[in-house]
Amino acid sequence: DSGVTQTPKHLITATGQRVTLRCSPRSGDLSVYWYQQSLDQGLQFLIQYYNGEERAKGNILERFSAQQFPDLHSELNLSSLELGDSALYFCASSHRQGVAGELFFGEGSRLTVL
Amino acid sequence: AQSVTQLGSHVSVSEGALVLLRCNYSSSVPPYLFWYVQYPNQGLQLLLKYTTGATLVKGINGFEAEFKKSETSFHLTKPSAHMSDAAEYFCAVSDLYDYKLSFGAGTTVTVRA
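Residues numbered from 1 in each chain as written. Chains lettered and ligands numbered in written order. Predicted model: local features only at pLDDT ≥ 70, side-chain atom pairs only at ≥ 80, totals over all residues. Heavy atoms only, no water.

Participant: Help me understand the overall build of chain B in this model?
Facilitator: Secondary structure summary: chain B contains 0 helices and 11 strands in total. For chain B, the sequential pattern of α-helices and β-strands runs β-β-β-β-β-β-β-β-β-β-β. By the compact-globule yardstick of 13 Å for 113 residues, chain B fits well, its C-alpha radius of gyration being 13 Å. When the backbone C-alpha atoms are referred to their principal axes, chain B occupies close to 45 × 30 × 20 Å. Buried residues in chain B amount to 46% of all 113 residues. In chain B, the share of contacts with a sequence separation of at least 24, taken over all contacts with a separation of at least 6, comes to 56%. Of the roughly 5,400 Å² that chain B leaves accessible, carbon and sulfur atoms contribute 53%. Counting 8 positive and 8 negative side-chain charges, chain B places the centres of these two groups 2 Å from one another. (Helix = DSSP H or I, 4+ residues; strand = E, 2+ residues; numbered from the N terminus. Rg over C-alpha atoms; globule rule 2.2 N^0.38 Å. Buried < 20%, exposed > 50% of the residue type's maximum accessible area, 1.4 Å probe, protein only. Contact = heavy atoms within 4.5 Å. Areas by Shrake-Rupley, 256 points an atom, 1.4 Å probe, with all protein chains shown as cover. Lys, Arg positive; Asp, Glu negative; His and termini not counted. Charge placed at Lys NZ, Arg CZ, Asp CG, Glu CD.)

As C-alpha cells, this is what we get:
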C-alpha cells in the first residue's frame, strides 16, 4: 500500500460526458502528480501541483483541468470525453517539490469512454 | 528535454536466469534516473534511483542498475529471476531543475518455470 488513494477505481461513461477523478496523497506529501497511461501513448505526465499551486504542466488537453485543495487532495476533471480518453489515470505524491525523491503512486482510476 | 528509450518491449527469462533490461537516456543536463515496477492491477513502485554519487545503485528485490555516462545508459539487472519478478518495468528520467518524470515505454518481463 503506497498510501495514495484514488477514487473511483473504475469508471464507465459516454462520449461528451464529464468526470472527476480524486486523489488523496500520502500523509504529509505536498506534491501531487497526474499521469495518463494508455496502450498507444504509454505513461504521459499531465500536471503537477505543490502545496496548492500548479508547478508543471505536461501533455494535458484543454478539456482536462486539475486542482489541489487546501487539505492537499487533488481532483482531475475530464470534460467533453472522447473515446481516446479511455485510459488508466494515475496520481502520485511526494514530499518534495521536485522529483529527486520517490514518487508514490496510487492504484489508478480506469476510465472507459463508450 | 529529457527522454528515455527502453530496448525491448517484452523480455522472457527462465527462473534463476539473469534479468537484463536496457534503458538509454537523452539529457542535456546531469540526469536523475529511475526504475519503477508495475505489477498487474497495481500502481508503480520505485525499484531504485540514481541522482548523484555512486554509479552502481542497488534497489529492492535484488535489482541493481549502473549509470554509465559514456554510454548514456542505465540498465537494470538481477542475477537470478524469480517468478514474482513478472511485471512491467519502466525507466524514467528527470533532472535537478525539472518537476516531472519522463517514462519509457516499458518492458514486460515474463518468467518461465
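Participant: Just checking my understanding: could you explain the overall build of chain A for this structure?
Facilitator: A count of helical and extended segments in chain A gives 0 helices and 11 strands. Reading chain A from its N terminus to its C terminus gives the helix and strand order β-β-β-β-β-β-β-β-β-β-β. Its C-alpha atoms give chain A a radius of gyration of 13 Å, within 12% of the compact-globule value 13 Å for 114 residues. Seen through its C-alpha atoms, chain A measures out along the principal axes to roughly 35 × 30 × 25 Å. The buried share of chain A, reckoned over its 114 residues, is 53%. When contacts within chain A are restricted to residue pairs at least 6 apart in sequence, long-range pairs at least 24 apart make up 55% of them.

Participant: Looking at this model, I keep getting lost on the sheet that holds strand E8 (residues 73-78) of chain B. Mind explaining?
Facilitator: Each strand in a sheet pairs with its neighbour through backbone hydrogen bonds, running either in the same direction (parallel) or in the opposite one (antiparallel). Residues and elements named next belong to chain B. A sheet is described by the order of its strands in space; here 5 strands give the open sequence E1-E3-E8-E7-E6, paired in antiparallel fashion. Either end of the sheet is taken by a strand with one partner, and the two such strands are strand E1 (3-7) and strand E6 (56-58). Recorded for the sheet is a direction-independent mean angle of 20 degrees between the axes of neighbouring strands. One ladder, built from 3 bridges, connects E6 with strand E7 (residues 64-68); its direction is antiparallel. Bridging from a neighbouring strand, Val 57 pairs with Ala 65 of E7. (Pairing = 2+ DSSP bridges. Axes fitted to C-alpha atoms, helices over the stretch in contact; angles between N-to-C directions.)

Participant: Help me understand the confidence of the model for chain B, please; the structure alone is not making it clear to me.
Facilitator: In low-pLDDT regions, the fine details of the predicted coordinates are not to be read closely. Averaged over all residues, the pLDDT of chain B is 92; the fraction at 70 or higher stands at 99%. Between the elements of chain B, mean pLDDT differs from a low of 90, seen in strand E10 (residues 102-103) of chain B, to a high of 98, seen in E8 of chain B. (pLDDT = per-residue confidence, 0-100.)

Participant: Quick question: what am I supposed to make of the state of the cysteines here?
Facilitator: Two cysteines form a disulfide when their sulfur atoms are joined by a covalent bond. For the structure shown, the criterion picks out 2 disulfides over all chains. The disulfide that involves Cys 23 of chain A links it to Cys 91 of chain A, with 1.8 Å between the sulfurs. The sign of the S-S torsion, about -55 degrees, decides the handedness of the disulfide formed by Cys 23 of chain A and Cys 91 of chain A: left-handed. Of this pair, Cys 23 of chain A sits in strand E3 (residues 19-24) while Cys 91 of chain A sits in strand E9 (residues 87-94), and the two are 68 residues apart along the sequence. For Cys 91 of chain A, a relative accessible area of 0% corresponds to the buried category. The disulfide bridge from Cys 23 of chain B ends at Cys 91 of chain B, spanning 2.0 Å between sulfur atoms. Across the S-S bond of Cys 23 of chain B and Cys 91 of chain B the torsion is about -65 degrees, and the bridge reads as left-handed. (Disulfide = S-S within 2.5 Å.)

Participant: I tried to follow the nonpolar core on my own but got confused; where do I start?
Facilitator: For soluble globular proteins, the rule of thumb is that nonpolar side chains tend to be buried together. Leu 21, Trp 35, Leu 47, Leu 48, Phe 74, Leu 76 and Tyr 89 of chain B are the most contacted members of the largest nonpolar core, which totals 27 residues. Listed by contribution, the elements that provide at least two residues to this core are strand E2 (10-14), strand E3 (19-26), strand E4 (31-38), strand E5 (44-50), E7, E8, strand E9 (87-95) and strand E11 (107-112) of chain B. Once residues within four sequence positions are removed from consideration, Leu 47 of chain B is found in contact with Trp 35, Tyr 36, Val 37, Gly 59, Ile 60, Asn 61, Phe 63, Leu 76 and Tyr 89 of chain B. Formed by 21 residues, the second largest nonpolar core is a distinct cluster that contains Ala 87, Tyr 89, Cys 91 and Leu 111 of chain A. (Core = buried A, V, L, I, M, F, W, Y, C linked by side-chain atoms within 4.5 Å.)

Participant: Just to check I follow, could you spell out the environment of Leu 21 of chain A for this structure?
Facilitator: Looking at where Leu 21 of chain A falls in the secondary structure, it is placed in strand E3. Setting aside residues no more than four positions away along its own chain, Leu 21 of chain A makes contact with Thr 7, Pro 8, Leu 11, Trp 34, Ser 74, Glu 75, Leu 76, Leu 78, Tyr 89 and Ser 109 of chain A.

Participant: What is the right way to look at the pattern of salt bridges in this model?
Facilitator: Opposite charge on two side chains allows them to pair when their charged atoms are near. Residue and element names in this part refer to chain A. The final tally for this structure, using the stated rule, is 9 salt bridges over all chains. Measuring nitrogen to oxygen at the nearest pair gives 3.9 Å for the salt bridge that ties Arg 22 to Glu 75. Highlighted residues: Arg 22 in strand E3 and Glu 75 in strand E8 (residues 74-78), separated in sequence by 53 residues. Residue class for Arg 22 comes out partly exposed when judged on its relative accessible area of 33%. As a salt-bridge pair, Arg 63 and Glu 82 come within 3.7 Å of each other at their nearest N and O atoms. With Arg 63 in the loop between strand E6 (53-57) and strand E7 (64-68) and Glu 82 in the loop between E8 and E9, this pair connects stretches of sequence that are 19 residues apart. (Salt bridge = Lys/Arg side-chain N within 4 Å of Asp/Glu carboxyl O.)

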